[in-house]
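What follows is the residue order along each chain.
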Amino acid sequence: MITQAVGASGYPASIQAPGGKLGKDEFLKILVAQLRNQDPMNPSSPEEFSAQLAQFSSLEQLMQVNQTLTSQAAADAALAQALNNSAAVGVLGRTVLAVGDTVEVSGTGEDRVTVGVGGSGGHATLTLYDEDGNVVGSRDAGELGPGRQVIELKGAADGLPPGRYRYAVTLEDGSGGEVAVQTFTRALIDGVRYGPQGPTLTSGGLEIPLADVVEIIVQTD
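Computed from a predicted model, the values in this text were never measured in an experiment. (Residues numbered from 1 in each chain as written. Predicted model: local features only at pLDDT ≥ 70, side-chain atom pairs only at ≥ 80, totals over all residues. Heavy atoms only, no water.)

> How do you make sense of the sheet that holds strand 12 (residues 206–209) when you look at a structure like this?
Working definition: the strands of a sheet are paired by backbone hydrogen bonds and lie parallel or antiparallel to each other. With antiparallel pairing, three strands are arranged side by side in an open sheet as 10-11-12. Each edge of the open sheet carries a strand with a single partner, namely strand 10 (191–195) and strand 12. Sheet twist, expressed as the mean angle between neighbouring strand axes with direction ignored, is 30 degrees. Across four bridges, the pairing between strand 11 (residues 198–203) and strand 12 is antiparallel. Each residue of the ladder has a partner; that of Thr202, found in strand 12, is Glu207. (Pairing = 2+ DSSP bridges. Helix = DSSP H or I, 4+ residues; strand = E, 2+ residues; numbered from the N terminus. Axes fitted to C-alpha atoms, helices over the stretch in contact; angles between N-to-C directions.)

> Would you mind showing me how to read the packing of aromatic side chains here?
The tally for this structure, following the rule as stated, stands at zero aromatic pairs. Geometry around Phe184 places Arg148 over its ring, the cationic atom sitting 5.3 Å from the centre. (Phe/Tyr/Trp six-rings, centres within 6.5 Å; stacked < 30°, edge-to-face > 60°. Lys NZ or Arg CZ within 6 Å of the ring centre and 35° of its normal.)

> What is the right way to look at the pattern of salt bridges in this model?
Pairing is possible between side chains of opposite charge, provided their charged atoms come close. Counted under the stated rule, the structure contains five salt bridges. The partner of Arg166 in a salt bridge is Asp101, with the nearest N and O atoms 2.9 Å apart. In this pair, Arg166 sits in strand 7 (residues 163–172) while Asp101 sits in the loop between strand 1 (95–99) and strand 2 (102–105), placing the two residues 65 residues apart along the sequence. Judged by relative accessible area, which is 45%, Arg166 ranks as partly exposed. In this structure Asp101 comes out as partly exposed when scored by relative accessible area, which is 21%. With its nearest N and O atoms 3.0 Å apart, the salt bridge here joins Glu104 to Arg164. (Salt bridge = Lys/Arg side-chain N within 4 Å of Asp/Glu carboxyl O. Buried < 20%, exposed > 50% of the residue type's maximum accessible area, 1.4 Å probe, protein only.)

> What should I look at first to understand a nonpolar patch on the surface in this one?
Nonpolar side chains collect at one region of the surface, where Val89, Leu92 and Tyr194 lie side by side and expose about 270 Å² of accessible area between them. Mapped onto the elements of the fold, Leu92 is located in the loop between helix 2 (46–90) and strand 1. The class for Leu92 is partly exposed, based on a relative accessible area of 39%. (Patch = residues over 30% accessible without salt bridge, like charges linked within 9 Å, V, L, I, M, F, W, Y side chains within 5 Å. Areas by Shrake-Rupley, 256 points an atom, 1.4 Å probe, with all protein chains shown as cover.)

> Whenever I open this one, the nonpolar core confuses me. Can you help?
The nonpolar side chains of a soluble globular protein tend to be buried, and buried together. Counting 20 residues, the largest nonpolar core has Leu126, Leu128, Ile151, Leu153, Tyr167 and Val169 as the members making the most contacts within it. Only strand 2, strand 3 (112–117), strand 4 (122–129), strand 5 (135–144) and strand 7 provide two or more residues apiece to this core. Sequence-distant contacts of Val169, defined by excluding residues within four places in its chain, comprise Val115, Ala124, Thr125, Leu126, Ile151 and Val181. Residues Ala88, Val96, Ala187 and Ile189 belong to the second largest nonpolar core, which totals ten residues. (Core = buried A, V, L, I, M, F, W, Y, C linked by side-chain atoms within 4.5 Å. Contact = heavy atoms within 4.5 Å.)

> Would you explain the pairing of strand 10 in this entry?
As a general feature of sheets, a regular strand has side chains that alternate between the two faces. Judged from the five bridges that link them, strand 10 and strand 11 form a sheet pairing that is antiparallel. Each bridged residue has a counterpart across the sheet, and for Gly191 the counterpart in strand 11 is Thr202. Between strand 10 and strand 11, which pair antiparallel one after the other, the connecting turn spans two residues.

> I would appreciate a short explanation of the pairing of strand 4 in the present structure.
Pairing analysis gives eight bridges linking strand 4 to strand 5, with the strands arranged antiparallel. Across the sheet, Gly122 pairs through a bridge with Leu144, a residue of strand 5. Hairpin geometry of strand 4 and strand 5 is characterised by an intervening segment of five residues between the two adjacent antiparallel strands and by a positive phi of about 90 degrees at Gly133. Taken together, the seven bridges between strand 4 and strand 7 define a ladder with antiparallel strand orientation. Across the sheet, residue Thr127 finds its bridge partner in strand 7, namely Ala168.

See below:
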């Protein structure tokens with residue numbers, strides 16, 4: 001009779017010890033090895049054998065459930081990617097509002113930024129920076145209430161050549177405490193780039209992940 005080699009731990013040599021990975025095939029090998037090497041004078045009881053078969057059946061069912069869930073997750077991910085790709089194409093040529101801190105200065109004096117103000121609002125200061133992080137302009141933006149607010153650049157952009165800048169808005173409440181502010185970027189989308197992390201919208205040299213878009217702005221005459 002051919003028997004399977006058994007290691008010092010009592011498990012077949014090809015089976016990992018407790019704490020290792022135990023799958024369907026490994027479970028069957030352990031069960032077969034146990035039956036081959038049992039004491040003929042004291043064999044396993046039918047009840048014990050039935051319990052082991054029940055464990056194997058449960059293991060197989062759990063593996064099937066896991067495979068089904070894995071397949072479903074892959075299908076859901078593919079569907080989500082397809083929807084995102086379609087949505088990205090849908091915003092070509094549209095103006096969007098996205099999480100960010102970039103602003104285009106046109107030189108017309110009509111430029112503005114959009115921010116989300118937390119808490120109960122407070123007194124705001126708007127600051128502009130060039131691409132190197134240097135402060136190039138600022139102004140007192142007055143009192144802002146909570147929620148989404150629009151701030152005109154006005155004097156903060158005086159003398160600046162047209163181009164792309166970064167901005168920050170700081171707020172203080174009545175007791176001098178800092179108020180949370182979310183800055184947004186307004187951009188006209190002229191392209192879409194696809195990558196491992198999903199679609200990325202482009203506006204000139206600016207890149208905006210589709211997930212950062214919070215609003216598509218409808219232009220009205």
